[in-house]
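Structure assessment
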Amino acid sequence: MKKKVEAYIREHHMINRGTMVIAGVSGGADSVCLLHLLVCLRESLGFDVRAVHVHHGLRGAEADRDAAYVRELSETWKVPCLVVYRDAAAYAKERGMSVEEAGRELRYEALRQEAEKYEDSRIAAAHHQDDQAETILHHLFRGSGLRGLGGMAPVRGKIIRPLLCTGRREIVDYLTKQGIGWCEDSTNDSCDYTRNRLRHQVLPQICREINVKAAEHIAEAGERIRQAEQYFCREAEKIWQMHGRCGEEPGSFRIPVRVIEDLPEILRGYTAMEMIKALTGSGKDITSVHVNRLLDLAGKGTGRSISLPYGLRCWREYDMICIKREEAGRQEEKKTDDLASFFTMEQIPAAVLREKYQKIPEKKYTKWFDYDKIKGTLSVRTRKTGDYLMLKDGKRKTVKTFMIDAKIPREKRDQIPVVAEGSHVLWIVGYRISEFYKITDETKQILQVKMDGGKEHGG
């Protein structure tokens, strides 16, 4: 088991010498196994390890038992341990999400905060092959592209998953032979959650009635699908480099319609994404809906155009599909149901901005954010129930309360755009930004967000 996991870590270059590995440890079998293996391997691989346990304020005495057990194990194995207390139920209610989703957000938030204390750090999650199979089935049943069907990557940014090469049975056998105990979470037995139904009902039935190694085979298929996804991305990049050209309009790019039409259907979407990334540098906030709208231009006549996130405009021009940053138009012509087309977003190295400005300027309709703190997909919309900002003292304030305190007239509150990551609002346009995303001395990449014609929305 140790050799297998060590080989997997080396194969995927998960950990460097001198890395601080932050292990999420719930006290269950998977995370206890992960922590023990990291302890066993830390000397040979030359890294340090710390344990983080998040107490969600649920399950009463059972949760207290888990926290105490993680502390005890950490002390025995000489691992520094941080126990973080959060109220998952209140968090879920405030944001209109399930307790399961809230718990996950709070766990990763605590792990990220601990990881940010170290120059070279990784977050180790205890997902294994059975989890991978559940993830792939979940994505398959609800509808997903190749990226989703590829499941969880062994390495994604700072997050590493050293146990993806092992199955649940191997983990239990390993702990039993080592004489190491673990805690059972009673909520894992409930079938109220989709994940648990897959775990306790769907996957076991598949293993019993179709193939005992079904979970392992599904995980292996996910790996091949992930490799296919990477291949298509590389091929699309080559196609764009070969056929993408600068357009006649300043700052625009274009590609011949015939190039798109001659491609295998699966490569068209990837090439369209490369076209978008030529201007944005990222695929964040771009969905299959946006990609399909762009591809639809191949079958449209000259002059047809669409708007996309980042303030992009795409149009058909004779035998070319063109794309560029959208110019600011008259505010009264803009529609509130397509707010994203009013905004331009640009990723800038912090060093470049600091060279231009000794101090980040205060502009009402252009704001700068710490890009590295943005982990999910950004949206431009109006307020929703559960939206919040982070204050200087680390506390949260709901957008509703902020608008009341700022004496914004009730009739205007649902007209003001917000830039948000999930329920966390980066910017209430024309008013204020969340302290969490503010630029610091450690910021390396900056996201510049500009709203054209903002006076109509900021008061």
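A quick note: this is a predicted structure, and the numbers were derived from the prediction, not measured.

**Some thoughts on the packing of aromatic side chains**
- Under the definition given, this model contains six aromatic pairs.
- Note on Phe369 and Trp427: the rings are 6.5 Å apart at their centroids and 50° apart in plane angle, and the pair reads as tilted. Of the two residues, Phe369 is situated in strand 13 (residues 366-370) and Trp427 in strand 18 (residues 424-428); the sequence distance between them amounts to 58 residues. Here Phe369 matches Trp427 in class, with each residue buried.
- Here the aromatic rings of Phe402 and Tyr431 are separated by 6.4 Å at their centres, their planes lie at 80°, and the arrangement is edge-to-face. Here Tyr431 lies in the loop between strand 18 and strand 19 (432-433) and Phe402 lies in helix 15 (residues 399-405), a separation of 29 residues in the sequence.
- These aromatic residues form a ring-pair network of at least three members: Tyr231, Phe232 and Tyr270.
- A cation over an aromatic ring shows up here: Arg313 above the ring of Trp315, its NZ or CZ 4.2 Å from the ring centre.
- Lys373 extends its terminal NZ or CZ atom over the ring of Phe436, reaching a point 5.3 Å from the ring centre.

**Concerning the pattern of salt bridges**
- Summed over the entire model, instances satisfying the criterion amount to 22 salt bridges.
- Across the pair Glu229 and Arg147 runs a salt bridge, and its minimum N-O distance is 3.2 Å. Linking Glu229 in helix 10 (residues 214-243) with Arg147 in helix 7 (residues 146-149), this pair joins segments that are 82 residues apart in sequence.
- Salt-bridge contacts for Lys277 lead to Glu274; the nearest nitrogen and oxygen are separated by 3.4 Å. In this pair, Lys277 and Glu274 are both assigned in helix 12 (residues 265-280), three residues apart and thus about one turn of the helix distant.
- Salt bridges sharing partners connect three or more residues here, namely Arg59, Glu62, Arg65, Asp66 and Asp185.

**Considering the state of the cysteines**
- Tallying each qualifying case throughout the model produces zero disulfides.
- Summary of cysteine pairing: Cys322 is not part of a disulfide, and the nearest cysteine sulfur, belonging to Cys314, is at 9.3 Å.

**Some details on the confidence of the model for the protein**
- Within the protein, residue pLDDT values average 86, and 91% of them lie at 70 or more.
- Contacts from residues 328-337, a stretch scored under 50 in pLDDT, to residues over four places away or in other chains number 14 contacts.
- In the model, residues 453-459 has pLDDT below 50 throughout and makes 24 contacts with residues more than four positions away in sequence or in other chains.

**Digging into the packing of helix 4 (residues 88-95) against helix 5 (residues 99-115)**
- Packing of helix 4 against helix 5 brings their axes to within 8 Å, and their N-to-C directions diverge by 110°. On the basis of their axis angle, the class for helix 4 and helix 5 is roughly perpendicular. Between helix 4 and helix 5 lies a crossing whose hand is right-handed. Two secondary-structure elements touch here, helix 4 through Ala88, Ala89, Tyr91 and Ala92 and helix 5 through Val99, Ala102, Glu105, Leu106 and Glu109.
- Taken together, the residues of the contact of helix 4 with helix 5 sort by class into seven nonpolar, no polar and two charged.

**Some remarks on the sheet that holds strand 13**
- Spatially, the three strands line up as an open sheet ordered 12-20-13, and their pairing is antiparallel. The open sheet has two edge strands, strand 12 (343-349) and strand 13, and neither has a second partner. Each adjacent strand pair in this sheet contributes to an overall mean axis angle of 25°, direction not counted.
- Of the strand pairs in this sheet, strand 12 and strand 20 (residues 445-451) are connected by seven bridges, and their pairing is antiparallel. Within strand 20, the position partnered with Pro349 by the bridge is Gln445.

**Details of the pairing of strand 2 (residues 48-55)**
- In terms of burial, strand 2 is largely enclosed, as six of its eight residues are buried.
- Relative to strand 2, strand 1 (residues 20-24) is paired through five bridges, and the arrangement is parallel. Within strand 2, the residue paired with Ile22 across the bridge is Arg50.
- Handedness of the strand 1-helix 2 (residues 29-45)-strand 2 crossover: right-handed.
- Where strand 2 and strand 3 (residues 81-85) come together, five bridges link them in parallel fashion.

**Notes on unusual backbone geometry**
- Located in the positive-phi region is Lys78, a residue other than glycine, with phi close to 60°.
- Looking at the secondary structure, you find Lys78 in the loop between helix 3 (61-76) and strand 3.
- By relative accessible area, which is 68% here, Lys78 ends up exposed.
- Even without being a glycine, Tyr318 presents a positive backbone phi close to 55°.

**With respect to the nonpolar core**
- One finds Leu294, Ile321, Phe343, Met345, Trp427 and Val449 to be the most contacted residues of the largest nonpolar core, which totals 46 residues.
- In terms of residue count, the dominant contributor to this core is helix 12 (six residues).
- Setting aside its immediate chain neighbours within four residues, Phe343 contacts Tyr310, Gly311, Val380, Pro417, Val419, Trp427, Val429, Val449, Lys450 and Met451.
- If you look at the next biggest cluster of nonpolar residues, it comprises 38 residues, including Val5, Ile9, Leu73 and Ala124.

**Considering the sheet that holds strand 8 (residues 253-256)**
- Pairing is antiparallel across the open sheet formed by five strands, whose spatial order is 7-8-11-10-9. The two strands at the open ends of the sheet, each matched to only one other strand, are strand 7 (245-246) and strand 9 (305-308).
- Here four bridges tie strand 8 to strand 11 (residues 320-325), and the two strands are oriented antiparallel to one another. From the neighbouring strand, Ile255 faces strand 11, where its bridge partner is Ile321.
- The strands touched by helix 10 within the sheet are strand 7 and strand 8, with strand 8 carrying the most contacts at an inclination of about 100°.
- Where helix 12 meets the sheet, its contacts fall on strand 8, strand 9, strand 10 (312-317) and strand 11, and the angle it forms with strand 11 comes to roughly 30°.

**Things to note about the side chain of Glu274**
- Exposure remark for Glu274: the relative accessible area of 12% places this residue in the buried category.
- Residues contacting Glu274, with those up to four places away along its chain left out, are Cys233, Ala236, Glu237 and Trp240.

Definitions and limits used
Residues numbered from 1 in each chain as written. Predicted model: local features only at pLDDT ≥ 70, side-chain atom pairs only at ≥ 80, totals over all residues. Heavy atoms only, no water. Phe/Tyr/Trp six-rings, centres within 6.5 Å; stacked < 30°, edge-to-face > 60°. Helix = DSSP H or I, 4+ residues; strand = E, 2+ residues; numbered from the N terminus. Buried < 20%, exposed > 50% of the residue type's maximum accessible area, 1.4 Å probe, protein only. Lys NZ or Arg CZ within 6 Å of the ring centre and 35° of its normal. Salt bridge = Lys/Arg side-chain N within 4 Å of Asp/Glu carboxyl O. Disulfide = S-S within 2.5 Å. pLDDT = per-residue confidence, 0-100. Contact = heavy atoms within 4.5 Å. Axes fitted to C-alpha atoms, helices over the stretch in contact; angles between N-to-C directions. Parallel < 35°, antiparallel > 145°, perpendicular 65-115°, else oblique. Left-handed = near helix turned anticlockwise from the far one by under 90°. Nonpolar A, V, L, I, M, F, W, Y, C, P; charged D, E, K, R; others polar. Pairing = 2+ DSSP bridges. Right-handed = clockwise from strand over helix to strand, strands pointing away. Core = buried A, V, L, I, M, F, W, Y, C linked by side-chain atoms within 4.5 Å.

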